Amino acid sequence: MNLYLSLLRTGVPALVGWLVAAAARYGLDFDATALAGVLVPLVSFVYYAVFRAAEHYLSPRWGWLLGYAKPPAYPAGKAALPQ
């Protein structure tokens, strides 16, 4: 379940970044590839940071805007390397 949650909480901000870049392409006179190359990671990072901070400091319900209301929990022990 933690793998699914981590992928979902990474994919949703990436999708939002792509949607904002696609929408901005219609209002700005820039090369679409260059615009997407800058805006997608930037918007994704900002989106994730804002809602992760809101989830941490305000209410766990803000996590739904990242795809799932609870961050994944990982075991505290060290992972064993394959032999």
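Refer to the structure presented above.
Scope of this entry: the structure provided in the associated data block. (Residues numbered from 1 in each chain as written. Predicted model: local features only at pLDDT ≥ 70, side-chain atom pairs only at ≥ 80, totals over all residues. Heavy atoms only, no water.)

Quick notes on the overall build of the chain
So, point 1. Summing up its helical and strand segments, the chain has two helices and zero strands in all.
So, point 2. Taking all 83 residues of the chain together, 24% fall into the buried category.
So, point 3. For the chain, the proportion of contacts with a sequence separation of at least 24, taken over those separated by at least 6, is 55%.
So, point 4. When the accessible surface of the chain is totalled, it reaches about 6300 Å², and 71% of it is carbon and sulfur. (Helix = DSSP H or I, 4+ residues; strand = E, 2+ residues; numbered from the N terminus. Buried < 20%, exposed > 50% of the residue type's maximum accessible area, 1.4 Å probe, protein only. Contact = heavy atoms within 4.5 Å. Areas by Shrake-Rupley, 256 points an atom, 1.4 Å probe, with all protein chains shown as cover.)

A look at a nonpolar patch on the surface
So, point 1. Together, Leu 42, Phe 45, Val 46 and Val 50 make up an exposed nonpolar region whose accessible area comes to about 390 Å².
So, point 2. Note that Val 46 resides in helix H2 (residues 32-57).
So, point 3. By relative accessible area, Val 46 is classed as partly exposed at 42%. (Patch = residues over 30% accessible without salt bridge, like charges linked within 9 Å, V, L, I, M, F, W, Y side chains within 5 Å. Salt bridge = Lys/Arg side-chain N within 4 Å of Asp/Glu carboxyl O.)

Notes on the packing of aromatic side chains
So, point 1. Taken as a whole and judged by the stated rule, the model has two aromatic pairs.
So, point 2. Judged by centre distance (5.9 Å) and plane angle (25 degrees), the ring pair of Phe 51 and Trp 62 falls under stacked. Within this pair, whereas Phe 51 is found in helix H2, its partner Trp 62 is found in the segment after H2, the two being separated by 11 residues in sequence.
So, point 3. Taking the relative accessible area as the measure of exposure, Trp 62 reaches 36% and is therefore partly exposed.
So, point 4. Following the ring pairs from residue to residue traces out a cluster consisting of Tyr 47, Phe 51 and Trp 62. (Phe/Tyr/Trp six-rings, centres within 6.5 Å; stacked < 30°, edge-to-face > 60°.)

Here's the deal with the environment of Leu 42
So, point 1. Among the secondary structure elements, Leu 42 is positioned in helix H2.
So, point 2. Given the relative accessible area of 48%, Leu 42 is considered partly exposed.
So, point 3. Through-space distance from the C-alpha of Leu 42 to that of Gly 17 is 7.3 Å; in sequence the pair is 25 residues apart.

Considering the environment of Leu 19
So, point 1. Among the secondary structure elements, Leu 19 is positioned in helix H1 (residues 2-27).
So, point 2. Taking the C-alpha atoms as reference points, Leu 19 and Val 40, 21 residues apart in sequence, are found 8.2 Å from one another.

A look at the environment of Pro 13
So, point 1. Checked against the element boundaries, Pro 13 lands in helix H1.
So, point 2. What makes Pro 13 buried here is its relative accessible area of 4%.
So, point 3. Other than its neighbours up to four places away in sequence, Pro 13 contacts Leu 8, Ser 44, Tyr 47, Tyr 48 and Leu 66.

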